[in-house]
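Take a look at the letters that make up each chain.
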Amino acid sequence: MSDPAKRSRHLSGMRDERYGEVVLISPDGNGGLKGAVYNTYGLNDCPPDKWNALDAGALAARFGVPAVLLNGPRFWTIDEVTTYNWGDVEKFDGLQARWAADVRIPPDVDVSAGAGRKHYVTTTVDRDTEYVLKAGRPVYALEDSDGRTFVLQAYSHTVDPGQTMDSLASLGERLRLPDGWRFRTHTPDEDMHVRTADKKATVVQDELENTYMLHAR
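Residues numbered from 1 in each chain as written. Predicted model: local features only at pLDDT ≥ 70, side-chain atom pairs only at ≥ 80, totals over all residues. Heavy atoms only, no water.

Student: Requested: an account of unusual backbone geometry, with residues and values cited.
Tutor: At the junction of G72 and P73, the peptide bond is cis and its omega measures out at -5° in the coordinates. Positive phi, close to 60°, is recorded for Y120, a residue that is not glycine.

Student: So what's going on with empty space enclosed by the protein? Which residues, and what values?
Tutor: Across all of its chains, the model carries 1 cavity of 30 Å³ or more by this definition. Together, 42 residues line the largest cavity, and E21, V37, N71, V125 and Q153 are the ones closest to its centre. No other element matches strand β7 (residues 95-105), which puts 7 residues into the lining of the largest cavity. Of the residues that constitute the lining of the largest cavity, the class distribution is 25 nonpolar, 9 polar and 8 charged. (1 Å grid on protein atoms, 1.4 Å probe; cavity = no way out; pocket = protein on both sides within 12 Å on 5 of 7 lines; lining within 4 Å. Points joined across faces, edges and corners; volume = space filled by probe spheres on them. Helix = DSSP H or I, 4+ residues; strand = E, 2+ residues; numbered from the N terminus. Nonpolar A, V, L, I, M, F, W, Y, C, P; charged D, E, K, R; others polar.)

Student: Talk me through the pattern of salt bridges; I want residue IDs and the actual numbers.
Tutor: Summed over the entire model, instances satisfying the criterion amount to 13 salt bridges. Where R137 meets D79, a salt bridge forms, and the shortest distance between an N and an O atom there is 2.5 Å. Here R137 is found in the loop between β9 (129-133) and β10 (139-143), whereas its partner D79 is found in the loop between β4 (67-76) and β5 (80-83), with 58 residues between them in sequence. For R137, a relative accessible area of 39% puts it in the partly exposed group. According to the relative accessible area criterion, D79 is buried, its value standing at 4%. (Salt bridge = Lys/Arg side-chain N within 4 Å of Asp/Glu carboxyl O. Buried < 20%, exposed > 50% of the residue type's maximum accessible area, 1.4 Å probe, protein only.)

Student: So what's going on with the packing of aromatic side chains? Which residues, and what values?
Tutor: The full count for this structure, using the stated rule, is 9 aromatic pairs. On the numbers, 6.2 Å between centres and 65° between planes, the contact of W76 with Y131 is edge-to-face. Of the two residues, W76 is situated in strand β4 and Y131 in strand β9; the sequence distance between them amounts to 55 residues. Neither residue differs from the other here; W76 and Y131 are each classed as buried. (Phe/Tyr/Trp six-rings, centres within 6.5 Å; stacked < 30°, edge-to-face > 60°.)

Student: Hey, could you go over the environment of E90 for me, with residue numbers and the actual values?
Tutor: Mapped onto the elements of the fold, E90 is located in strand β6 (residues 89-92). Exposure remark for E90: the relative accessible area of 27% places this residue in the partly exposed category. When the C-alpha positions of E90 and S12 are compared, they lie 23 Å apart, and in sequence the two are 78 residues distant. Not counting residues up to four positions away in its chain, the partners in contact with E90 are Y38, R62, F63, L95, Q96 and A97. (Contact = heavy atoms within 4.5 Å.)

Student: Describe helix α2 (residues 56-63), naming the residues involved and giving the relevant values.
Tutor: Put simply, D55 is the residue that caps the front of α2, since its side-chain oxygen is 2.9 Å from the backbone nitrogen of G57. Positive phi appears at G64, one or two residues downstream of α2, with a value of about 70°. (Polar contact = N/O pair within 3.5 Å; in protein donor to acceptor, adjacent residues only side chain to side chain.)

Student: Before we move on, could you go through the environment of E209 and cite the residues and values that matter?
Tutor: Its place among the elements puts E209 in the loop between β14 (200-205) and β15 (211-214). Residues E209 and A60 lie 149 residues apart in sequence; the distance between their C-alpha atoms is 22 Å. Within the structure, E209 has its side chain in polar contact with the side chain of H119 (distance 3.0 Å).

Student: With reference to specific residues and values, describe the nonpolar core.
Tutor: Membership of the largest hydrophobic core comes to 24 residues, with the highest contact counts inside it found for W76, I78, Y131, L133 and V194. Those elements that place two or more of their residues in this core are β2 (18-27), β4, β7, β9, β11 (149-156), β13 (192-195) and β14. Setting aside residues up to four positions removed in sequence, W76 forms contacts with M14, R15, D16, E17, Y19, N39, Y41, Y131, Q153, A154 and M165. Of all hydrophobic cores here, the second largest spans 17 residues; its members include F75, L142, V204 and L214. (Core = buried A, V, L, I, M, F, W, Y, C linked by side-chain atoms within 4.5 Å.)

Student: Break down the sheet that holds β5 for me, with residues and values.
Tutor: Judged by pairing direction, the sheet is antiparallel, and its 4 strands sit side by side in the order β1-β5-β9-β13 without closing on themselves. Each edge of the open sheet is held by one strand with a lone partner, namely β1 (9-11) and β13. When the angles between neighbouring strand axes are averaged without regard to direction, this sheet yields 15°. Of the strand pairs in this sheet, β5 and β9 are connected by 4 bridges, and their pairing is antiparallel. In the sheet register, T83 faces β9, and the bridge partner there is T129. (Pairing = 2+ DSSP bridges. Axes fitted to C-alpha atoms, helices over the stretch in contact; angles between N-to-C directions.)

Here it is in structure tokens:
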């Protein structure tokens, strides 16, 4: 799906831009599950008519996989990204999306449960990216019980279609965080760079399906 011979891609002006992800789920060969993640960003803004018309069951049958997860619509909370490993474009009933990553699905996460699946569970995503959050703009983050920081990369309309960039300022008041976790907001004086480690990202989602990436320093 990916082509290491391709040059890196840089995208900017991303904050609050809308996108969606189509995840093709299949066995990983070790008794677990993996997902091939196709992202619409850079191709379209995940138009509501096309996104709402997608049928996960029909897509699974078409692509010959056990299940398809429709993850979105979502909105970036980062400003820029450089992608070092990316793949080809696929059409999902007329909606174009590009392969962006492979995700390893933890055994205790039920992908069929929708909004009822577990949250605050770390997941490993195979991708090679560097996010930039610009100085002077708010950064939203979770800190886990081990002191690790997960930076919000995107908010979601999957659970709450009323979420907006402005509403994120009070997001911490809505979350039922695990013991020892906390939500915090800060405005950096310098650009903040959040890079994958060894071509892998560690991510978590809260109960609103907002996604955070580990800031490994």
